[in-house]
Amino acid sequence: MTLKLSRLAVLTSALFLSATSNADTFSFENKISSNADTLVLFQSDTHKSAAMTSYDKKTQGQLSKAASVNEFTGAYNSFVEILAPTNLDYDRVLLVGLGSETLSQAQLTQLGGNISANLSKKQIQNIALSGQSFNAEQAAQLAHGINLRAYQFDKYKQEKYQEKSYSFSVSNKKDVVKHYQQLADIQSGIFLARDLTNEVPTELTPVDFANQAKALEKLGVTVTVLEPNELKKLGMNALEAVGRGSDQGSRLVVAHYQGSDDAPVAIIGKGITFDSGGYNIKTHESIVRMKSDMAGAAAALGTVQALAKMKANVNVVAVMGMAANMVSESSVAPGDVLTTAEGLSVEITNTDAEGRLVLIDAMWYAREKFKPSVLVDIATLTGGKYRALGTELGGIFSTDDKLVKQLTYAGKSVNEPLWHLPLGYEDMLKSSIADLRNTGSGGPSATTAATFLQHFTGDTPWAHIDMAGNALNASAKNEYPVGGTGYGVRLLTEWLLTRDNSK
Ligand code: BES
Ligand code: MN
Ligand code: ZN
């Protein structure tokens, strides 16, 4: 029996966006498929696998010769391609170095990503992977990495992605499929976040995002959307104000998946569908990447989708503050003062510091309506974070050391590492006209932004993840394709699934 698990089946059915994700298929088999154009053989740096020895013999030593002339020793993440090998029906063989055989989850995902990159040619359509030496988790993790890298957002391209099919020979098919299915659920959340991040600003407004969230209702997720007049009624003027310069205005989007009776964990996402800067307009060329300023909200929604799909035993609510930060006569002006739902007033010293404004009202709503045990916000918040930590590390700020530890550990195990940065510079947030100003009058911008948020967390244990720079990749690397990364989905899902063990 062939167990075909199509990516299409695990994707969100969220209509227009799902059509953009390509769909390779994986089948797990007991033996190496001979019906393929490409054979992938793994090799450790210590000994030859049985498969390698047997194919080397068949090709009269062609494989070992190609390996040696290419100085291939089986080192981790090294590759050799052998074309039209003698006596084999395959068009090519790809040797893949494993290094030591005790690879971590993160290393396997990364290696999978690079296998996919090495198989990107169009002529390669049917791939046989020889993986008998892997245990079930390892095999599933490799397949996961292959899928993550193969994702392409080709909606606006004439030439569409051509699907590939993989036949992966494993020793315990049933076990591999079980692990693969859980990773496929996580993958669906990552792809949702990537699709949302890649989508262009005109096609993904706050209302479009809300509609995407509503598609999760079929998974048993309760979705609530608040419109500008309702936001005003509740006193959520900070969130409402950021969207005032755009036709649709702001939305609060709430997606609640209740998989347990514990108090919920609230994930607060920054959802700026385009950040022009407002009247403090962005003059740097980086403005072209500001469609991705909703990646925090996308990560929150992707996490809920992943957990709902796998019917995880967790209670999680994503609260996403959505707005387009645009310039118009009705936009907030620098110098304006807003009163937040929390009650504190804020002087708008810079309209480009809009993310924190949507987050604080969303945090208030989460606390007020859900009494969460933990608040985690995730946001493409500051250029300062990006300059300090770059595109691979996320910044974490928190008053709760246990949360820092848990989230950092989760991030490390899924290749979404975090670096702990300090809160502080409280004095820089003093305003002469209001309770707070929205930008620091000096100090490091990532820290003053985080400290600003801290005023709106009450007594709830809280962590803030600044993912500026992590959302949209300029080029492909490891398991990440070019464009939207889906950063945060793996980190948050891993944390939510494992944090009970480390309480
Ligand atoms: N969305 C930006 C932050 C950003 C910068 C994200 C680069 C991704 C890449 C945010 O809204 C912003 O403009 N922040 C300002 C704040 C400043 C005015 C205090 C910044 O960091 O420059
Ligand atoms: Mn901004
Ligand atoms: Zn922004």
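Residues numbered from 1 in each chain as written. Chains lettered and ligands numbered in written order. Predicted model: local features only at pLDDT ≥ 70, side-chain atom pairs only at ≥ 80, totals over all residues. Heavy atoms only, no water.

Colleague: Describe the site of ligand 1, with residues and values.
Modeller: Inspection of the region around ligand 1 gives 16 residues, with Asp-275, Lys-282, Asp-293, Asp-352 and Gly-383 positioned closest. The separation between an oxygen atom of ligand 1 and a polar side-chain atom of Lys-282 is 2.7 Å. Gly-383 is positioned such that a nitrogen or oxygen atom in its backbone is 2.7 Å from an oxygen atom of ligand 1. Here ligand 1, which alone exposes 520 Å², has 82% of that area covered by the protein. (Near = heavy atom within 4 Å. Polar contact = N/O pair within 3.5 Å; in protein donor to acceptor, adjacent residues only side chain to side chain. Areas by Shrake-Rupley, 256 points an atom, 1.4 Å probe, with all protein chains shown as cover.)

Colleague: Residues and numbers for the pairing of strand E9 (residues 251–258), please.
Modeller: In terms of burial, E9 is a largely internal element, 7 of the 8 residues being buried. Where strand E8 (residues 222–226) and E9 come together, 5 bridges link them in antiparallel fashion. Looking at the pairing, Val-225 lines up with Val-253 of E9. Where E9 and strand E11 (residues 315–325) come together, 8 bridges link them in antiparallel fashion. (Buried < 20%, exposed > 50% of the residue type's maximum accessible area, 1.4 Å probe, protein only. Helix = DSSP H or I, 4+ residues; strand = E, 2+ residues; numbered from the N terminus. Pairing = 2+ DSSP bridges.)

Colleague: I'd like a description of the coordination of the zinc ion (ligand 3), backed by residues and values.
Modeller: For a metal with four donors in a tetrahedral arrangement, the ideal angle between donors is 109.5 degrees, while six donors in an octahedron ideally sit at 90 or 180 degrees. Taken together, the protein ligands of the zinc ion (ligand 3) are Lys-270 (NZ), Asp-275 (OD), Asp-293 (OD) and Glu-354 (OE), with distances of 2.0 to 2.4 Å. The site at the zinc ion (ligand 3) holds 6 donor atoms, and with the angles between them running 78 to 174°, its shape is octahedral. Expressed as a motif, the donor residue spacing for the zinc ion (ligand 3) is K-x4-D-x17-D-x60-E. The two metals, the zinc ion (ligand 3) and the manganese ion (ligand 2), are separated by 3.1 Å and share Asp-275 as a common coordinating residue. Of this pair, Asp-293 sits in the loop between strand E10 (265–275) and helix H11 (295–309) while Glu-354 sits in the loop between strand E13 (345–347) and helix H12 (355–370), and the two are 61 residues apart along the sequence. Considered together, Asp-293 and Glu-354 belong to a single accessibility category, that of buried residues. (Donors = N, O, S within 2.8 Å, 3.2 Å for Na, K, Ca; no water. Tetrahedral: all angles 85-135°; square planar, octahedral: opposite > 155°, others 65-115°.)

Colleague: Can you lay out the environment of Glu-426 for me, pointing to particular residues and giving the numbers?
Modeller: With respect to the helices and strands, Glu-426 occurs in the loop between strand E16 (418–420) and strand E17 (436–437). Judged by relative accessible area, Glu-426 falls into the partly exposed class, the value being 38%. Residues Glu-426 and Thr-448, spaced 22 residues apart in sequence, show a C-alpha to C-alpha distance of 7.2 Å. There is a polar contact of 2.9 Å between the side chain of Glu-426 and the side chain of His-455.

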